[in-house]
Amino acid sequence: QQQVKQSPQSLIVQKGGISIINCAYENTAFDYFPWYQQFPGKGPALLIAIRPDVSEKKEGRFTISFNKSAKQFSLHIMDSQPGDSATYFCAARRPDKLIFGTGTRLQVFP
Amino acid sequence: DGGITQSPKYLFRKEGQNVTLSCEQNLNHDAMYWYRQDPGQGLRLIYYSQIVNDFQKGDIAEGYSVSREKKESFPLTVTSAQKNPTAFYLCASSIQRDSYEQYFGPGTRLTVT
């Protein structure tokens, strides 16, 4: 059963624009929320992660916003670049494993 | 040069044959994982292992088997019982079982005809 819902499935953004990907979860036992980035033909790689007691975390052009009461979190990519074109997965950590969202394919056009 | 190696990158098999996918890591990580990736379904956990000689079923273990005889190796066998084996398979490892940072290999694309 899907415990982390991710949207949209695909996203097209102009260079310089803001890309926003949303995730929602149900299980309050999750204790860490990472985002992974995957380029075509490669394995995913950790991009950024946030704890549920923090409302926002920023690393360069990438920001996670976390809303604990709504059980939602989102990834914002500021000044999106063609090199950001990839598939992005949100995830939530249980004690024994990560639960991944279904992924968002981001395409940034010049 | 530390990391996770999966081989081969592309694999083709006839229906009814078992096939074993290789995964090796030199990161000295305790935990290893196998995921299956299909379009629109994200990453689904097949099996995971927290220590040598121990492994647990993930969410879609039917038709798959694994072994963990060495810390650095976690091979996955796709058996003929797996109804839809054609997929992209990813191996990952983490320093310990509850780490949120998993390191992924480059994947193996398996095609069964």
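Up top is the structure.
Residues numbered from 1 in each chain as written. Chains lettered and ligands numbered in written order. Predicted model: local features only at pLDDT ≥ 70, side-chain atom pairs only at ≥ 80, totals over all residues. Heavy atoms only, no water.

Thoughts on the overall build of chain B
For chain B, the count of helices and strands is zero helices and eleven strands. Reading the helices (α) and strands (β) of chain B from amino to carboxyl end gives β-β-β-β-β-β-β-β-β-β-β. Here the C-alpha radius of gyration of chain B, 13 Å, is about what a compact globule of 113 residues would show, namely 13 Å. Each of the three principal axes of chain B carries a C-alpha extent, and together these read 35 × 30 × 25 Å. Each of the 113 residues in chain B was classed as buried or not, and the buried ones make up 47%. Accessible area of chain B: about 5,600 Å², with a carbon and sulfur share of 45%. In chain B, 12 side chains carry a positive charge and 12 a negative one; their mean positions are 7 Å apart. (Helix = DSSP H or I, 4+ residues; strand = E, 2+ residues; numbered from the N terminus. Rg over C-alpha atoms; globule rule 2.2 N^0.38 Å. Buried < 20%, exposed > 50% of the residue type's maximum accessible area, 1.4 Å probe, protein only. Areas by Shrake-Rupley, 256 points an atom, 1.4 Å probe, with all protein chains shown as cover. Lys, Arg positive; Asp, Glu negative; His and termini not counted. Charge placed at Lys NZ, Arg CZ, Asp CG, Glu CD.)

Here's the deal with the sheet that holds strand β6 (residues 56-59) of chain A
All names here are of chain A. Within the open sheet, the five strands sit side by side as β1-β3-β8-β7-β6. Their pairing is antiparallel. Across the chains shown, the open sheet's two edge strands, defined by having one partner strand only, are β1 (4-7) and β6. Geometrically, the sheet is characterised by an average inter-axis angle of 15° between neighbouring strands, direction not taken into account. Sheet analysis places strand β7 (residues 62-67) next to strand β8 (residues 72-77), joined by six bridges and oriented antiparallel. Residue N67 lies in a different strand from β8, and its bridge partner there is Q72. (Pairing = 2+ DSSP bridges. Axes fitted to C-alpha atoms, helices over the stretch in contact; angles between N-to-C directions.)

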